[in-house]
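An overview of the molecular structure
The residues making up each chain are set out below.
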Amino acid sequence: MKMVSVGEMGACQIAPCLLLCRSQVWTYSYFMTANDIIFLLLGFLFLVGGAEFLVRGAARVALTIGISPLVVGLTVVAFGTSAPELAVSMVSSFTGDGNLAMGNVIGSNVFNILVVLGISALIIPLVVHQQLVRFDVPFMIGISFLLLLLGLDGRIGRLDGLLLVIGVIFYTTFLIRKSRKEGKEVKDEYENEFGSEEENVWWKNVIWIVLGMGGLVLGSKWLVDSAVSIAEAYQVSELVIGLTIVAMGTSLPEVATSVVAAVKGERDIAVGNAVGSNIFNILSVIGFSSLISPGGVAVSKAALTFDLPVMIGVAVACLPIFFTKYCITRLNGAFFILYYGAYLTYLLMNAAHHDYVDQYHFALTWFVLPITGVTLMAISLSAFKQYRGELNVKP
């Protein structure tokens, strides 16, 4: 049989072949992208369900062995809300996708403050405990700066991770010691939330824990694999995928907890949940992920020069806003969501290499951020003067 070379084929013969090949490639790419999106959604579902099952089982085991509901709420449940971020970051770090792990934590921390608290404040103005302003928020700001300093060499190594893990042990110990000084009202609130009168059967609790851990492992594996595939298909960096899609998905437990608390009128729980989750994200998620990963957690130049400073800026902005009458108003909530929209717009424009991304970045850097800084300083000064005036009035 005579073989025909490409050179001997006519244009009319080549064109259909090229169209057929292109059609097959497009169909394969479309199938792979749709398949990845399905597994991404399944990953989110298993992560959220796994975290819920794990918290339920671990909390009941803790109550069974005599740990108070208050301590259970401050430790087991607090760790549980960060379980999706921890599972995803550990899997991605171990498989060499460190940018996804760092993007997940940065994106989740920005999302928790600007979106979770923003939506909650729109539902009902949120109450901020003085303890949050005096310790938790400054501590969140401090460890945010620490994360930036540790990542200046482009990686969070095992020694850095050990330091962060020691930090989470310190913070958890502080929470437990502080819980002993809480009033009856706070203790009753946690008793109603976690001190269920349902019969605690040990084997049922073990099943909850096993199902929860299984859901976290399987969900994180599906989510990381599909997120990396989507990033490659659309030629978007893993950092951007982590900052957006993955961060939003792993923050679903915080969204559910804070919004439900706001609807119920438990306005203090929403704020404490968001701030506590951010602290656990930095200390436990990055800490444990860098400990188990042979090469640590990678910190890209883009994260160092833009995304980490944004996370720090959001954390710093909490202090004057929270300090003003110890309340997050609906107007504050609206501005939180507006600023997240501006940040998300920049990420998407930069990922798409939009023609006007440089102009947009210039406007944000030299107009929006300076005006915001001046406004926050004015708010802080006004709140401080009001605070000093109240002290002088007191006998």
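The structure presented is a predicted model; accordingly, all values stated were derived computationally and were not measured.

**Quick look at a nonpolar patch on the surface**
A surface patch of nonpolar side chains, about 640 Å² in accessible area, is lined by Trp-202, Trp-203, Val-206, Ile-207, Val-210 and Leu-211. Among the residues examined, Val-210 registers a relative accessible area of 52% and is labelled exposed.

**Concerning the packing of aromatic side chains**
Two numbers describe a pair of aromatic rings. These are the distance of the centres and the angle of the planes. In total, this model carries 16 aromatic pairs according to the counting rule given. Ring centres of Phe-306 and Tyr-346 lie 4.6 Å apart, and the angle between their planes is 45 degrees; this geometry places the pair in the tilted category. Note that Phe-306 is positioned in helix 13 (residues 301–323) and Tyr-346 in helix 14 (residues 330–351), a separation of 40 residues in sequence. Comparing Phe-306 with Tyr-346 shows no difference in burial state: the two are buried. Ring plane angle 70 degrees and centroid distance 5.8 Å describe the contact between Phe-323 and Tyr-326, whose orientation is recorded as edge-to-face.

**Remarks on the nonpolar core**
Leu-117, Ile-156, Val-271, Phe-322 and Ile-328 are the most contacted members of the largest nonpolar core, which has 68 residues in total. Broken down by element, this core gets its largest block of residues, 13 residues, from helix 13.

**Describing the confidence of the model for the chain**
In regions of low pLDDT, the predicted coordinates are not meant to be interpreted in detail. Mean pLDDT over the chain: 80, with 79% of residues reaching 70 or higher. Element-level pLDDT for the chain is lowest in helix 8 (residues 184–194), with a mean of 58, against a maximum mean of 94 in strand 2 (residues 155–156). Across residues 17–30, where pLDDT falls below 50, the model places one contact with residues more than four positions away in sequence or in other chains.

**Thoughts on empty space enclosed by the protein**
Counting across every chain of the model gives one cavity of 30 Å³ or more. Lining the largest cavity are Asn-109, Val-110, Ile-113, Met-140, Ser-144, Asn-278, Met-311, Val-314 and Ala-315. The set of elements that each furnish at least two residues to the lining of the largest cavity consists of helix 5 (98–123), helix 6 (130–150) and helix 13.

What counts, and at which threshold
Residues numbered from 1 in each chain as written. Predicted model: local features only at pLDDT ≥ 70, side-chain atom pairs only at ≥ 80, totals over all residues. Heavy atoms only, no water. Patch = residues over 30% accessible without salt bridge, like charges linked within 9 Å, V, L, I, M, F, W, Y side chains within 5 Å. Areas by Shrake-Rupley, 256 points an atom, 1.4 Å probe, with all protein chains shown as cover. Salt bridge = Lys/Arg side-chain N within 4 Å of Asp/Glu carboxyl O. Buried < 20%, exposed > 50% of the residue type's maximum accessible area, 1.4 Å probe, protein only. Phe/Tyr/Trp six-rings, centres within 6.5 Å; stacked < 30°, edge-to-face > 60°. Helix = DSSP H or I, 4+ residues; strand = E, 2+ residues; numbered from the N terminus. Core = buried A, V, L, I, M, F, W, Y, C linked by side-chain atoms within 4.5 Å. pLDDT = per-residue confidence, 0-100. Contact = heavy atoms within 4.5 Å. 1 Å grid on protein atoms, 1.4 Å probe; cavity = no way out; pocket = protein on both sides within 12 Å on 5 of 7 lines; lining within 4 Å. Points joined across faces, edges and corners; volume = space filled by probe spheres on them.

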